[in-house]
Every structure is written in C-alpha cells, then in structure tokens.
Amino acid sequence: MPCYLGIDSSTQSCKGVVIDTERGQLVLHLKVDYKEDLPAYGCPEGFLPSADKLVRHADPLMWVAALDLLFERGRGSGFDWSRVEGVSCSGQQHGSVYLNAAHAAAQWTPETPLVDQVAPLLARKTSPIWMDSSTTAECAEIAHAAGGDDRVLAITGSRATERFTGPQIRRFYKQEPQAYAATARIHLVSSFLAYLLTARADTPIDLGDGAGMNLLDLSRGDWSEELLFATAPGLRAKLPPIRPCTHVVGKIARYFVERHGFRPDAQVVISSGDNPCSLIGMGAAFPGTHVISLGTSDTYFAAMPGVRTDPQGYGHVFGNPAGGFLSLICFKNGSKTREKIAERFGLTWPEFSAAIGSTPPGNHGNLMLPYVEAEITPRVLRPEVRLYGTPEFTAWRNAAAAVRAVVEAQALSMRIHSGWIGERPTALLVTGGASENDAILQVFADVFQARLRRLAVADSAALGAAIRAAHAAGGLAWEALFARFAVPEPGAIEPNPQAATVYEQMAQQYLERLEEVSS
Ligand code: XUL
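To start, this report covers the structure provided alongside it. (Residues numbered from 1 in each chain as written. Predicted model: local features only at pLDDT ≥ 70, side-chain atom pairs only at ≥ 80, totals over all residues. Heavy atoms only, no water.)

1. Let's talk about unusual backbone geometry
- With an omega of -10 degrees, the peptide bond running from T377 to P378 counts as cis.
- Mapped onto the elements, P378 comes out in the loop between β19 (367–371) and β20 (384–388).
- Phi is positive for H94, close to 75 degrees, though the residue is something other than glycine.
- Mapped onto the secondary structure, H94 falls in the loop between β5 (84–91) and β6 (96–99).
- Classification of H94 by relative accessible area gives buried; the value is 4%.
- Residues other than glycine seldom take positive phi values, yet A199 does so here, at roughly 55 degrees. (Helix = DSSP H or I, 4+ residues; strand = E, 2+ residues; numbered from the N terminus. Buried < 20%, exposed > 50% of the residue type's maximum accessible area, 1.4 Å probe, protein only.)

The structure is reproduced here in structure tokens:
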C-alpha cells in the first residue's frame with residue numbers, strides 16, 4: 001500500500017503523520033515533545049533561556065535528535081518504514097541553521113546517531129527562531145538600503161520584519177563577522193530537515209517558506225539581488241537554490257535505510273513552512289476558504305490568486321504549495337498567553353472553558369490588551385498586559401472576566417488585522433491545539449460572525465506535508481487528496497447574531513486602547 005510521511009518540526013515538538021493513499025487512511029501519528037522527551041537541550045518551550053526577552057534562539061541539534069527519536073518511536077509502535085514511498089517536511093517558519101563548509105561532503109554513517117554527525121557541521125551553535133524580535137535595527141538598515149519599507153514590501157510581500165531570516169542573518173553578520181564568514185550554507189528549519197534526510201549539499205528552499213525571509217523576489221520566484229545586497233555580503237553563495245513546492249530533492253539517505261528501515265528508493269520532496277503546509281493540510285489551497293490556526297502563535301491565512309499586500313505592513317505573502325500565493329498574519333501571543341492567564345488563576349482547561357461560558361459576549365465592558373510576549377500583529381515591542389473595566393477586573397480579582405477578556409482580545413485583533421485580505425468569509429476553518437476547545441471557538445465565531453469548522457486531524461502542518469509528498473512523489477491530484485484527508489469534522493460552531501453589535505463596539509474600543517501600547 002503506498003504510504004507518504006509528513007514531518008512537522010514545530011516550536012515545541014516534532015510530529016509525524018503517515019497516510020495510506022490507497023486505503024484513504026491516516027495510519028500513523030507520532031510526536032516527540034521537546035520538554036518531555038529531550039530535556040537535555042534546555043528548550044522546554046522551544047527556545048533557550050535568554051536574559052533579553054527579545055532574543056529567542058533554539059538548539060538546532062534538538063531538531064536533529066527529535067527526527068531520529070520520531071523514527072525510533074515509529075519502529076517501536078510496530079510501523080514498517082519501508083512502506084513509505086515519499087516523505088516531505090514542514091518547519092516552523094523563518095528560523096535558520098548555519099552550516100560550515102564541511103556540510104557539502106557530509107554523508108551520514110548509520111553506526112553513529114545523526115546528532116553527533118551534525119554537531120561538527122554547525123557554523124553557529126544556536127538558531128534564531130520566529131519568536132525572536134531583536135532585529136529592529138537591522139530591519140531599519142535593510143529597508144533604508146533597499147529604498148524604504150514599501151520597496152521591501154513590494155519585492156518580498158512583507159516589510160522588513162524582525163523574525164524574518166534576512167534581518168536575522170544581518171544581525172549575525174554584524175555581531176559575529178568571523179562566524180558569518182565561516183558559514184557556507186544557511187538553511188531554513190524546513191530545508192535543513194530535507195538536507196538531513198538526503199545529505200545533499202544542493203538541498204533547496206521552496207517558494208512557500210523562502211518568501212518568509214525578506215530575501216525573495218516574489219514576482220521572479222528567485223533571490224532578490226537588491227535584498228541580498230542590503231542584508232549581508234556574499235549572501236547569495238550561502239543560500240540554497242529556490243525551487244517550486246512540488247520539487248523532488250532526491251532519494252532518502254542510506255542512514256535512514258539502514259538505521260530505521262526505510263526503502264532505498266523513498267523520495268524526499270522539498271520541505272515547506274508550517275503555514276504553507278497547514279494550508280494544504282486544511283484543504284484550503286484554493287481561494288475562498290480562510291483558516292484560523294490557534295497554536296503557539298495564532299495565525300490567520302488564506303490562499304490568494306495574486307499578490308495583495310497589507311497596507312499596515314503586519315501581514316505577509318508567502319508561496320502557496322498548490323500554486324499562487326498565501327496571505328498570512330501571525331499573532332505571537334497565542335496559546336502561551338492563554339495559558340499564562342489560566343495559570344495566574346490556577347485554572348484547568350475545563351475551568352477555563354466554564355469561565356468563558358459563565359460570562360456574556362462583551363464581558364460587561366471589561367477589556368484586556370494581552371501582550372505577555374512582544375507582539376508581531378499589532379506591533380508591540382514592550383510586552384505588557386493592560387486591563388480596563390470594573391475595579392474587580394482591573395485588580396485581577398475576577399477570573400472569569402479575565403479568561404473571557406484574553407480570548408475576546410485575541411479574536412478582535414485577528415478580525416481587525418485580517419480585513420486587508422478581502423471579503424470576510426461567512427465560514428472559516430479552524431485548526432491548532434486550542435481549536436479543540438469549544439468555548440474558545442464560540443468567542444471566535446461570535447467576533448467574526450462566521451460559522452467555524454474544525455479539521456478532523458489536529459496536526460494540519462504534518463498532514464499537509466504528507467499530502468505534498470503524495471502529490472509530488474506519488475503524482476496524486478490535490479483535489480483527490482483533499483477529499484480524502486482534509487475533511488472537516490461533522491458539526492460546526494455557529495455564531496450568535498446577537499453578539500454582532502457588541503463586538504462592533506468593542507472592536508472600536510480595542511483599537512483606541514491599542515494606540516497606548518503599540519509602537
Ligand atoms: C509565521 C510565523 C509562525 C511560525 C511558527 O510567520 O512566524 O506561524 O511559522 O509556527
């Protein structure tokens with residue numbers, strides 16, 4: 001039976017999903033959790049501790065160790081990896097891995113764990129990830145050198161953005177010029193995984209994830225000379241080639257055949273970012289369907305036939321693996337922020353849900369600006385949580401109101417900041433860990449005045465990678481794959497029409513308050 005594997009290396013875990021395309025079934029679901037399973041790497045929340053809250057780096061070797069552990073777990077569960085004909089990876093976007101010249105000739109030996117073979121290839125011990133907001137100066141420098149913010153937006157689909165790879169590369173070049181000079185290859189998290197799986201020096205970056213670097217010319221689908229020049233010297237030679245999202249990189253490396261039992265002719269399909277992969281995993285690759293993802297970060301995304309950019313400069317345009325483009329808006333204060341509010345009152349998730357249910361839409365006028373982390377959309381560089389409303393609420397003595405307030409603020413911000421994408425759909429798909437919570441979804445349905453449907457499989461990025469592998473390596477049509485695997489659960493969360501006016505007014509209040517904290 002032809003099987004295809006999708007791997008998602010995300011912020012807090014690495015997940016694997018195997019689909020059997022003949023039977024139309026999902027046959028394996030695996031997870032390696034960085035906090036539980038790989039504590040030695042010191043990244044329980046996906047990043048290394050840092051005195052500077054704006055700096056967020058991870059240990060790339062943890063991602064390598066997770067890959068081996070994922071395959072071991074598969075074997076341990078009795079799965080035969082030789083059933084897999086094609087594999088593709090998804091990675092948290094924007095994060096980068098820096099390799100020295102020795103990477104080009106590296107061939108993995110099956111006798112030694114992969115992590116020990118990759119360690120000597122690192123030109124930089126840590127990897128900046130998407131949660132990093134330390135490159136404001138570099139963004140300004142790049143924008144200045146390229147002719148202004150609007151020029152960068154027009155070429156790359158995004159303004160120079162702190163977490164994007166180009167500004168991160170520039171900061172590395174400025175702070176550690178020798179280590180930058182010793183860097184022969186800079187991979188994204190996603191393309192690094194395909195490099196590991198194939199051991200090929202020419203492993204490319206795809207158009208979907210490459211667009212999240214502030215280095216790609218969207219109209220030409222290749223690196224932009226202007227942006228390369230504005231970012232760091234000699235950069236072109238350090239970057240992998242760009243290829244379409246359906247490119248096959250090559251056969252899986254012998255290491256995985258001998259160590260984990262893969263077939264020698266298993267094809268490795270080019271990797272992509274977690275958001276482009278989720279678009280596929282949600283079956284939302286054709287324009288018309290908008291998706292809300294409630295995870296470590298919350299995101300809002302939708303397929304676009306042509307390029308349309310966010311006039312406020314918060315949103316982004318990435319490549320759509322099924323052709324065309326993808327608009328994306330990222331809200332960094334997602335699950336962690338919801339968790340922080342729950343922790344503050346010692347609430348379990350069922351109690352958190354009950355608290356939402358016990359309070360009305362509009363929360364009796366109580367409003368929160370919930371920025372525990374520096375925020376991307378809207379831009380808040382000095383994180384803080386502000387409360388406005390009754391004395392009990394503002395003194396943090398009303399748990400139920402605080403819980404509703406954090407979710408309402410997140411939903412309102414998403415509604416306001418996604419307006420530029422175009423007409424708001426009356427139905428939305430929803431995914432991510434928090435999408436299992438009906439109470440949270442009801443708030444989103446009421447704020448958007450749209451019906452919400454959940455995908456039957458929670459890990460849409462890993463599923464999307466598996467579907468991409470089946471499309472590119474197995475020649476299967478997108479439509480057939482979506483009809484089989486990207487199916488929403490029966491039932492929907494319906495909006496309460498009575499909440500519409502309350503949230504119109506609240507959106508206005510939120511915007512007024514926001515001016516006090518945004519940069
Ligand atoms: C998107 C973004 C995040 C990461 C991590 O621009 O920064 O969604 O991809 O999931």
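2. What about the pairing of β5?
- Across the eight residues that make up β5, a large majority, seven, are buried.
- As paired strands, strand β1 (residues 3–9) and β5 are joined by seven bridges and run parallel to one another. When the sheet's bridge partners are listed, L5 is paired in β5 with V87.
- Direction of pairing for β5 relative to strand β14 (residues 267–273): parallel, over a ladder of five bridges. Each bridged residue has a counterpart across the sheet, and for S88 the counterpart in β14 is V269. (Pairing = 2+ DSSP bridges.)

3. Section: the packing of helix α2 (residues 60–76) against helix α8 (residues 189–198)
- It is the contact of α2 with α8, at a shortest axis distance of 11 Å, that shows an interaxial angle of 50 degrees. The angle between the axes of α2 and α8 places the two elements in the oblique class. Crossing angle aside, the handedness with which α2 passes α8 is right-handed. Packed against α2, whose contacting residues are P60, W63, V64, L67 and F71, the element α8 presents V189, F192, L196 and L197 at the interface.
- Here the contact of α2 with α8 is composed, by residue class, of nine nonpolar, no polar and no charged. (Axes fitted to C-alpha atoms, helices over the stretch in contact; angles between N-to-C directions. Parallel < 35°, antiparallel > 145°, perpendicular 65-115°, else oblique. Left-handed = near helix turned anticlockwise from the far one by under 90°. Contact = heavy atoms within 4.5 Å. Nonpolar A, V, L, I, M, F, W, Y, C, P; charged D, E, K, R; others polar.)

4. Brief notes about helix α15 (residues 349–357)
- For α15, the complete set of buried residues consists of F352, S353, A355 and I356. The buried residues of α15 all sit within an arc of 155 degrees when viewed along its axis, so they share a single face. In α15, the exposed residues that point more than 90 degrees away from the buried face are P350 and G357.
- Residues of α15 that are buried sit in contact with α14 (335–344), α17 (399–417) and α18 (438–448). (Arc of directions from axis to C-beta.)

5. Points about the packing of aromatic side chains
- Using the criterion set out here, one finds 16 aromatic pairs in the structure.
- With centroids separated by 5.0 Å and ring planes inclined at 70 degrees, the aromatic side chains of F71 and F262 adopt a geometry described as edge-to-face. With F71 in helix α2 and F262 in the loop between α12 (254–260) and β14, the pair connects residues that are 191 residues apart, well separated along the chain. Note on accessibility: F71 and F262 belong to one class, buried.
- Their ring planes at 40 degrees and their centres at 6.2 Å tell us that F345 and W396 sit as a pair that is tilted. Linking F345 in the loop between α14 and α15 with W396 in the loop between α16 (391–394) and α17, this pair joins segments that are 51 residues apart in sequence.
- Take F345: its relative accessible area is 21%, and that puts it in the partly exposed class. (Phe/Tyr/Trp six-rings, centres within 6.5 Å; stacked < 30°, edge-to-face > 60°.)

6. Notes on helix α4 (residues 136–146)
- Of the residues making up α4, those classed as buried are E138, C139, I142, A143 and A146. Viewed end-on, α4 has its buried residues packed into an arc of 135 degrees, placing them on one side of the element. Facing away from the buried side of α4 by more than 90 degrees, the exposed set consists of H144 and A145.
- On the buried face of α4, the contacting elements are α5 (149–156), α6 (165–175) and α10 (225–231).

7. Regarding the environment of A354
- Along the chain, A354 falls in helix α15.
- A C-alpha to C-alpha distance of 7.7 Å links A354 and A439, two positions 85 residues apart in sequence.

8. So, the sheet that holds strand β16 (residues 298–304)
- Taken together, the six strands give an open sheet; going across it, the order is β17-β18-β16-β15-β21-β22, and neighbouring strands pair in mixed fashion. Both edges of this open sheet fall to β17 (316–319) and β22 (451–454), since each of them pairs with a single strand only. Looking at each pair of strands side by side, their axes are set apart by 30 degrees on average, direction ignored.
- Of the strand pairs in this sheet, strand β15 (residues 290–294) and β16 are connected by five bridges, and their pairing is antiparallel. Residue pairing for β16: V291 is matched across the bridge by F301.
- Strands in contact with helix α13 (residues 274–281) are β16, β17 and β18 (325–331); relative to β16, the strand with the most contacts, it is inclined by about 65 degrees.

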